[in-house]
Amino acid sequence: MLTPEFLAGCSDDIVEIWADTEVEILSDIARRIAKNGYITDTAAWQIEKARQLGVLNGDVAKALEKAYGKSTKEVDHLFLEAAKIAMEADNEIFLAAGIEAALLEFTPAQRAILLQGTKTTKMLLESYTHTTAKASELAFRNAADKAYLGIMSGAFDTTTAIRRSINELAKGNIESVAYPSGANHSMEAATRRAIVTGCNQSVAKLQLARAEDLGCELVEVSSHAGARPSHAEWQGDVYCISGKSGKYKDFYQETGYGDGDGLCGWNCYHNFWPYFEGLSRRAFSKDPSADAGRSNAEDYENSQKQRAMERAVREAKKECTVLDKAIKASDNSELSEQLNRDFQRASVKLKSREAKLSEFIDKTGRTRLREREQSPKFGHSVSSKAVWTNKKEKEFRQILEIAGKSGTIELSQSMENYIANKPFSDIQGLVGKLSDKAARKWYIANDAKIAASIEKSLSLEAQARIAHERRNANRTAARDLMADQEKRKLLDINEPNKTFEELLQHKMNDKHLTHEEALQDIIATASKTRSTINTSLGLGDN
């Protein structure tokens, strides 16, 4: 017999292989989207997309082939291990019933049953590689096309369009495995279902074949707390395989064995073992939940809540992983900055979900299954980054709360640096609260991003106008952040923001530049700040 505990965890290693592959594929697509420059010519874009798609398909095929190779070896090992465990448990009962040890050997016919089960499961996994390959291609096409169309329609600027596509990827799955019902499932969910069901059914067929060979008419079905409501009706009872007993109910009819929603069906954690009347003692309770002072319905509902919370934690970890890959791949500072903000939000989301799960476990007294919270590729580097980001974000939220109740806010150097990398829209709660140094640090950091944030396909004058507009906006925002508003008023009087025309004439007249040179200089100097002021505040040269 296979215990509920064995069946609940038997698929973990194989699921991890395929979940790892899913994250790898999503990260690869996100990386390609982040690096794409997006050619404005439609024909050229289609050629580039086809080229990228060809390379991606090759990489996906290799990843899936590797996953399939690893998982088939694991299937062979798992199914054989499960068969041995079940046979050893059953053999103790058969021996006690007086059946000769020689008759308990693994026969060729029984071995054939097990081999057929492993073959069927491996064929199912192979079919997943085909549907996953198609789904991966579709995911890339959709992500790339959404970004491109967003840019070309004018609905979004380049950075925003790419960022939106990457975020959709990070929050999604490669939902590729279709069932006859038409439903699609993620690689992880489909793999878990295939392994648990395939392993349980293969061993169950082997057990029934042995029972028939050894003349065993009765079996006892296992039980566990929080069973599926339809399964709770028949768990923990003794049944007659042939259905001819006047005392015990029909095994097939009562348990639904052989149907997908019955005993040993889809994701079922129940199994059975031989039972000899007058010799065997009942090993399983009809209602383990009631024995513990709870109801099966309550345990089942809580188990479903826990599974949902564990999935939510894994999804948040996957989101962090994919965003981290995209950030590292991007050579656009504005995109990197926006994706970093998305990573901050994802990190806070992750820690919030982990805290809710921990609270739920404490409240219900259930066992926390850390392995169910793991997400492949979410290694030490990404984990540490998420922990640090969440910590800083909490500190930042506390500072915003304090800011509403006090004057100038004293910040640590690390918090000044953290705030400096936030957009003004995120720190408006600090208006009129920062020291000159902290406000200047924010100004320096945001001016440094201007040149890289401008779309190079625009005309030179359009680029210069955008650079000028963003520089003025940063200067005004930095002055708004200053706690010393009397000094700010003097700055507005003595060094007001110039209009674009005023700045252009200044460049041409005072610096003796041509019109084109003046435009280029506006763009180039938009990211520079005065070193004398920086040095006076202890910030060094820009």
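Residues numbered from 1 in each chain as written. Predicted model: local features only at pLDDT ≥ 70, side-chain atom pairs only at ≥ 80, totals over all residues. Heavy atoms only, no water.

K.L.:
Could you give me a rundown of the nonpolar core, with the residues and numbers involved?
P.N.:
Counting residues in hydrophobic clusters, the biggest one holds 66 residues, and the most contacted among them are F6, W18, I29, I33, L78, I166 and L169. In terms of residue count, helix α3 (residues 42-96) provides more of this core than any other element does, 12 residues in total. Dropping the residues within four chain positions of it, I166 is found in contact with A30, I33, A34, L323, A326 and L339. If you look at the next biggest cluster of nonpolar residues, it comprises 24 residues, including F94, A204, C216 and F284. (Core = buried A, V, L, I, M, F, W, Y, C linked by side-chain atoms within 4.5 Å. Buried < 20%, exposed > 50% of the residue type's maximum accessible area, 1.4 Å probe, protein only. Helix = DSSP H or I, 4+ residues; strand = E, 2+ residues; numbered from the N terminus. Contact = heavy atoms within 4.5 Å.)

K.L.:
So, the environment of I99: which residues are in play, and what are the values?
P.N.:
With respect to the helices and strands, I99 occurs in the loop between α3 and α4 (108-152). For the pair I99 and N474, spaced 375 residues apart in the sequence, the C-alpha separation amounts to 87 Å. With residues up to four places along the chain from it excluded, the contact list for I99 reads F94, L104, L214 and F276.

K.L.:
Explain the sheet that holds strand β5 (residues 249-250) residue by residue, including any values.
P.N.:
Strand-to-strand pairing in sheets goes through backbone hydrogen bonds, with the strands running parallel or antiparallel. Read from one edge to the other, the open sheet built from 4 strands follows the order β5-β4-β3-β6, with strand pairing classed as mixed. The open sheet terminates on both sides in strands that have one partner only, identified here as β5 and β6 (272-275). Of the strand pairs in this sheet, strand β3 (residues 218-221) and strand β4 (residues 238-240) are connected by 3 bridges, and their pairing is antiparallel. Across the sheet, the residue bridging to E220 is V238, located in β4. (Pairing = 2+ DSSP bridges.)

K.L.:
Residues and numbers for the environment of S414, please.
P.N.:
For S414, the location among the structural elements is in helix α13 (residues 413-420). Relative accessible area serves as the criterion here: at 35%, S414 is assigned to the partly exposed category. In this structure, the C-alpha to C-alpha distance between S414 and E501, residues 87 residues apart in sequence, is 39 Å. At 2.8 Å, the side chain of S414 forms a polar contact with the side chain of K392. (Polar contact = N/O pair within 3.5 Å; in protein donor to acceptor, adjacent residues only side chain to side chain.)

K.L.:
Go over the pattern of salt bridges, please, and point to the residues and values.
P.N.:
One pass over the full model with this rule turns up 38 salt bridges. Where R465 meets E501, a salt bridge forms, and the shortest distance between an N and an O atom there is 3.3 Å. Of this pair, R465 sits in helix α16 (residues 460-481) while E501 sits in helix α18 (residues 500-510), and the two are 36 residues apart along the sequence. Its relative accessible area of 35% is what places R465 among the partly exposed residues. By relative accessible area, which is 45% here, E501 ends up partly exposed. When salt bridges with common partners are traced through the structure, they connect D28, R31, R32 and D59 into a single cluster. (Salt bridge = Lys/Arg side-chain N within 4 Å of Asp/Glu carboxyl O.)

Interpretation in functional terms is not warranted from these geometric data alone.
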